[in-house]
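Read off the chains here:
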Amino acid sequence: LDMLGIKYASSAGGDIFSEPDMLILLDLLTVVNNPRSDIPLCRLLTTSVSGISPVVSFDELVEIRQSISDSHSLYDAVIDYADNGNDEKLAQRCREFVNETDKMRRLASRLSAEKLLRALISLDRYVPLAESEAYIYLFDCACAYVKRSWNGLRNFLSYLNKLTEVSTSSAERP
């Protein structure tokens with residue numbers, strides 16, 4: 001298939017759900033579903049896999065986090081920094097991230113899973129993942145999910161969690 005230029009996904013050779021590209025895509029979906037999920041948001045902001053540049057460095061993340069009380073989520077801190085941050089370039093990157101996330105959240109409320117994935121992968125930051133095995137696999141899962149049911153992003157994430165559990169349990173079998 002490679003020689004013919006045909007895109008494909010293969011689950012051979014390991015658990016695709018533990019691949020770095022898949023993890024960032026799952027974090028992206030999780031953050032679009034609930035931006036106040038601090039751990040996926042932290043990874044999404046600081047990741048640098050597959051040609052994706054981080055939104056912020058770890059030092060900048062600490063600066064953002066310290067801009068608001070600990071009782072608020074990391075996403076609240078990003079919003080606050082976007083509005084009130086001391087470093088204008090960092091504040092601008094925060095504004096762009098918040099605007100992009102809000103836009104994707106609005107789309108998620110009205111698009112099916114596979115259409116949402118197409119919209120997400122068209123964002124400049126995630127274009128490098130468009131031909132990854134992880135994206136192709138995830139897109140195939142979204143198409144299969146939509147054929148069975150159209151219940152939105154939250155339920156699609158639940159469906160993926162079940163697939164992850166099956167993948168992990170089958171990998172542990174002798």
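Residues numbered from 1 in each chain as written. Predicted model: local features only at pLDDT ≥ 70, side-chain atom pairs only at ≥ 80, totals over all residues. Heavy atoms only, no water.

### Section: the packing of helix α1 (residues 20-33) against helix α6 (residues 113-121)
Put simply, the test is: Between N-to-C directions, angles cover 0 to 180 degrees, with each direction set by a line fitted to C-alpha atoms, over the stretch in contact for helices. Runs of H or I in DSSP of at least four residues are treated as helices and runs of E of at least two as strands, each being numbered from the N terminus. Any angle between 65 and 115 degrees counts as roughly perpendicular, while under 35 counts as roughly parallel, over 145 as roughly antiparallel, and the rest as oblique. We call two residues contacting when some pair of their heavy atoms lies within 4.5 Å. Residues are sorted three ways: Asp, Glu, Lys and Arg are charged, Ala, Val, Leu, Ile, Met, Phe, Trp, Tyr, Cys and Pro are nonpolar, and all the rest, Gly among them, are polar.
It is the contact of α1 with α6, at a shortest axis distance of 12 Å, that shows an interaxial angle of 105 degrees. For the element pair α1 / α6, the angle class is roughly perpendicular. Contact with α1, carried on its side by Leu25, Leu28, Leu29 and Val32, involves Leu116, Leu117, Leu120 and Ile121 of α6 and no other residues of that element. Looking at the contact of α1 with α6 residue by residue, the classes come out as 8 nonpolar, no polar and no charged.

### Description of the confidence of the model for the protein
To keep things clear, this is the line we draw: Residue-level confidence of the predictor is summarised by pLDDT, bounded by 0 at the bottom and 100 at the top.
Scored by pLDDT, the protein comes out at a mean of 86, with 86% of its residues at no less than 70. Confidence, read as mean pLDDT per element, is least for helix α8 (residues 152-172) in the protein (75) and greatest for helix α4 (residues 74-84) (97). Low pLDDT (under 50) marks residues 3-8, which in the prediction has 6 contacts with non-local residues, meaning those over four places away or in another chain. Counted against residues more than four places away or in other chains, residues 170-174, with its pLDDT under 50, gives 0 contacts.

### As for the pattern of salt bridges
Convention followed: Each salt bridge in this description consists of a side-chain nitrogen of Lys or Arg and a carboxyl oxygen of Asp or Glu lying within 4 Å of one another. Exposure categories follow from relative accessible area, calculated using a 1.4 Å probe and restricted to protein chains: below 20% of the type maximum is buried, above 50% is exposed, and the middle band is partly exposed.
Inspection of every chain in the model, using the stated rule, returns 5 salt bridges. Between glutamate 60 and arginine 93 there is a salt bridge whose closest N-O contact spans 2.6 Å. Of this pair, glutamate 60 sits in helix α3 (residues 58-65) while arginine 93 sits in helix α5 (residues 88-108), and the two are 33 residues apart along the sequence. A relative accessible area of 19% places glutamate 60 in the buried class. A salt bridge links arginine 95 to glutamate 88, with the nearest nitrogen and oxygen atoms 2.4 Å apart. Judged by its relative accessible area of 24%, arginine 95 falls in the partly exposed class. Residue classification places glutamate 88 among the partly exposed positions, given a relative accessible area of 48%.

### Considerations on α1
Threshold: By this rule the span expected of a helix is its residue count minus one, scaled by 1.5 Å.
End to end, α1 covers 20 Å across 14 residues, agreeing with the expected 20 Å (1.5 Å per residue, within 8%). α1 sits mainly inside the fold: 10 of its 14 residues count as buried.

### What to know about the packing of aromatic side chains
Test applied: Centre distance within 6.5 Å is the pairing criterion for rings of Phe, Tyr and Trp, where only the six-membered ring of Trp is used; planes under 30 degrees apart are then read as stacked, over 60 as edge-to-face, and the remainder as tilted.
Throughout the structure, instances matching the rule amount to 5 aromatic pairs. Residues tyrosine 145 and tyrosine 159 carry aromatic rings whose centres are separated by 5.2 Å and whose planes lie at 40 degrees to one another, so their mutual orientation is tilted. Of this pair, tyrosine 145 sits in helix α7 (residues 133-148) while tyrosine 159 sits in helix α8, and the two are 14 residues apart along the sequence. Plain terms: the ring middles of phenylalanine 156 and tyrosine 159 are 6.2 Å apart, the flat faces sit at 25 degrees to each other, and that makes the pair stacked. Of this pair, phenylalanine 156 and tyrosine 159 both sit in helix α8, 3 residues apart, which is roughly one turn of the helix.

### Quick look at the side chain of glutamate 60
Definition in use: The definition of a polar contact used here is a pair of N or O atoms within 3.5 Å, where within protein one atom must be able to donate a hydrogen and the other to accept one, and adjacent residues in sequence count solely through side-chain atom pairs.
Separated by 2.8 Å, the side chain of glutamate 60 and the backbone nitrogen of serine 57 make a polar contact. The contacts of glutamate 60, once residues within four sequence positions are left out, are Val55, Leu90 and Arg93.

### As for the nonpolar core
Using the following cut-off: In plain words, nonpolar cores are sets of buried Ala, Val, Leu, Ile, Met, Phe, Trp, Tyr and Cys residues tied together by side-chain atoms within 4.5 Å.
Formed by 54 residues in total, the largest nonpolar core has its most connected members in Leu29, Leu45, Leu138, Phe156 and Leu160. If you list the elements that add at least two residues to this core, you get α1, α2 (38-46), α3, α4, α5, α6, α7 and α8. Each residue touching leucine 160, except ones within four places of it in the same chain, is listed here: Phe17, Leu26, Leu29, Leu138 and Cys141.

### Thoughts on the state of the cysteines
Using the following cut-off: In this description, a disulfide is simply a cysteine sulfur pair whose atoms lie within 2.5 Å.
Taken as a whole and judged by the stated rule, the model has 0 disulfides. Looking at cysteine 141, it has no disulfide partner, and the nearest cysteine sulfur is the one in cysteine 143, 9.4 Å off. The exposure class of cysteine 141 is buried, given its relative accessible area of 7%.

### Some thoughts on the environment of serine 122
Within the secondary structure layout, serine 122 lies in the loop between α6 and α7. Here serine 122 falls in the partly exposed class, since its relative accessible area comes to 49%. A polar side-chain atom of serine 122 sits 2.6 Å from the main-chain carbonyl oxygen of alanine 119.

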